[in-house]
Amino acid sequence: MPDGRDLSTPTPGYEATNAGPTPKTDSDSAGAARSGPTEKCGVVGVALDDRAASRPLYYALYALQHRGQESAGIVTHDGFQQHGHVEMGLVGDAFEEGDLDSLAGETGIGHVRYPTSGGVNASCAQPFSVSFKSGSLGLSHNGNLVNADEIRDELAQLGHAFTSDGDTEVIAHDLARNLLEADLVRAVKRTMDRIHGSYALTIMHDETVLGVRDPQGNRPLCIGELDDGYVLASESAAIDTLGGDLVRDVRPGELVVLEPDGSGFDTYQLVEQDNTAHCFFEHVYFARPDSVIDDTLVYEARRDLGRALWNESGVETDVVLPVPDSGRAFASGYAEAANEGADGDAIEFAEGLMKNRYVGRTFIMPTQDERERAVRLKLNPIKSTIEGRSVTIIDDSIVRGTTSRQLVALLREAGAEEVHVRIGAPPIVAPCYMGIDMASREELIAADRSIDEIRDEIDADSLGYLSVESVAEVLGESRLDLCLGCVTGEYPYDIDGEETDRDVQRPVIDTDSEPARADD
Ligand code: SF4
């Protein structure tokens, strides 16, 4: 079991633990200002031949830092026992040299987290560990279950004690219970047949590392090959960081089992579904541009989305500016399409907004007035690029509208004659239940406003979004193979009180009796 403190009340056959992270109160305290949707976790797992897993895991977590800044953790296994270290904060702050040295073993999993379910607290930091009668489990989870409460209620009635209100612990307990009665592959299948929602998991059962992607492939997970082993990671950029080669994406509904000696991997297609539900926002915003997800380089996808944006709602202005950093690839594709075949003055593509690189994604803004002016801390306009000119700014999304309003005001103050706003995604009209902090319906500026009303609110001369059809076309997927819940209000999962865009039903969990067993 991990070498941290035990946070659980022992239950018959199970013991849930984590490594006792220390909560921090800085970046995510009340009043912190966030401008965009926030990703909720990155996962990694490695199995190596004759090399400690801790440092490759640490470097991979660095590569995945953009997917979660709340906590970071690693659990390894040395063939005899688990070792774990989980801390609140960034990867660079969470581990010291001695921590990595103490994480013995050539297999392990890691996690960076931004809280999805379970709130901001140390007990939800991951990897989550459970030791049980026939071994140990570690779990790293990206995504969000929509039926975790039902399964937790059922397991609680059966005597399981939970140390957090997060859904990852629910998966861990369910899998541990199934492992008492079935082999590894059947146990994972049984758990997959009971959980409903979004999950990309790296799991460690004793020294064996597994990867699992939910049957609709909502969140990304890929396999990479190293000189001396294999790696599973949320994004291929983590594989690149380790000097490895991307083998392929883990398929929706697939279980990948890495050989503990790093010599290869086995795969099992445990669940098949007609359609996928890839989160289109991975390509639009969350993932690193240098990652390849579901066979598409994110950078190229964003450039193509920018090109489509010009074709749908391009406006002739003197200059096109990206909102750094997320709008950059969109703006370059947009400007390139704008200038194709242009025989007059070409539209200039310029970096007219300089980013303060020492301001993180979040910072403390105690008052509304200070929050209103937060953009000035992050971005400074280059006057000579803007003054006396018509300007188009390109961004990936508008959530609450606060940042867009501030940006338009900033550009007008810098002397822009016209400010046009173009967005490389459709309007966000509904929340996300699959693991992204998208804000509530009440907070979303597009939930109950027309595009003209939003344009007025942010005081732009014009506003254009990309259509859902163009997003699907650029990503090369049918609408029914994408999750578009936050831009259509219709979800690919069975969620209480929400519409679904497909024939989907969540598993029946009988909270009054023994868990139902799916056919193996
Ligand atoms: S609702 Fe939006 S952010 Fe959430 S998984 Fe679906 S597409 Fe992604």
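Relevant structure appears above.
Residues numbered from 1 in each chain as written. Predicted model: local features only at pLDDT ≥ 70, side-chain atom pairs only at ≥ 80, totals over all residues. Heavy atoms only, no water.

Caption draft 1: View of the site of the ligand. In the region of the ligand, the neighbouring residues are Asn218, Arg219, Cys279, Phe280, Cys432, Met434, Ile436, Met438, Cys483 and Cys486. When grouped by side-chain class, the residues that make up the shell around the ligand number eight nonpolar, one polar and one charged. (Near = heavy atom within 4 Å. Nonpolar A, V, L, I, M, F, W, Y, C, P; charged D, E, K, R; others polar.)

Caption draft 2: Fine view of the packing of aromatic side chains. Counting across every chain of the model gives nine aromatic pairs. Where Tyr58 meets Phe95, the ring centres are 5.7 Å apart and the plane angle is 80 degrees; that geometry is what we call edge-to-face. On the criterion of sequence distance, the pair formed by Tyr58 in helix 1 (residues 54–63) and Phe95 in the loop between helix 2 (91–94) and helix 3 (97–102) is long-range, its members being 37 residues apart. As far as the burial class goes, Tyr58 and Phe95 line up, both buried. Centre to centre, the rings of Trp310 and Tyr334 are 5.3 Å apart; their planes meet at 90 degrees, and the pair counts as edge-to-face. With a gap of 24 residues between them, Trp310 in helix 9 (residues 298–313) and Tyr334 in helix 10 (residues 328–339) connect regions that are remote in the sequence. The pair formed by Trp310 and Tyr334 is uniform in burial state, with each residue classed as buried. (Phe/Tyr/Trp six-rings, centres within 6.5 Å; stacked < 30°, edge-to-face > 60°. Helix = DSSP H or I, 4+ residues; strand = E, 2+ residues; numbered from the N terminus. Buried < 20%, exposed > 50% of the residue type's maximum accessible area, 1.4 Å probe, protein only.)

Caption draft 3: Highlighting a negative patch on the surface. On the surface, a cluster of negative charge is made up of Asp49, Asp50, Glu106 and Asp261. Turning to its location among the elements, Glu106 is positioned in the loop between helix 3 and strand 5 (107–113). (Patch = residues over 30% accessible without salt bridge, like charges linked within 9 Å, V, L, I, M, F, W, Y side chains within 5 Å. Areas by Shrake-Rupley, 256 points an atom, 1.4 Å probe, with all protein chains shown as cover. Salt bridge = Lys/Arg side-chain N within 4 Å of Asp/Glu carboxyl O. Lys, Arg positive; Asp, Glu negative; His and termini not counted. Charge placed at Lys NZ, Arg CZ, Asp CG, Glu CD.)

Caption draft 4: Representation of the nonpolar core within the structure. Phe280, Phe281, Val284 and Ile428 are the most contacted members of the largest nonpolar core, which totals 37 residues. When contributions to this core are tallied by element, the ones reaching two or more residues are helix 8 (280–286), helix 9, helix 10, helix 16 (468–475) and helix 17 (485–488). One finds Ala172, Leu175, Ala187 and Leu270 within the second-largest nonpolar core, a separate group that totals 31 residues. (Core = buried A, V, L, I, M, F, W, Y, C linked by side-chain atoms within 4.5 Å.)

Caption draft 5: A look at the sheet that holds strand 10 (residues 222–226). The seven strands lie next to each other as 4-3-5-2-11-10-12, forming an open sheet whose pairing is antiparallel. At either end of the open sheet lies a strand with only one pairing partner, and these are strand 4 (82–88) and strand 12 (245–249). Taking each pair of neighbouring strands and ignoring which way they run, the sheet shows an average axis angle of 15 degrees. Sheet topology places strand 2 (residues 42–48) next to strand 5; six bridges connect them, and they run antiparallel. Bridge pairing links Ala47 to Thr107 in strand 5. (Pairing = 2+ DSSP bridges. Axes fitted to C-alpha atoms, helices over the stretch in contact; angles between N-to-C directions.)

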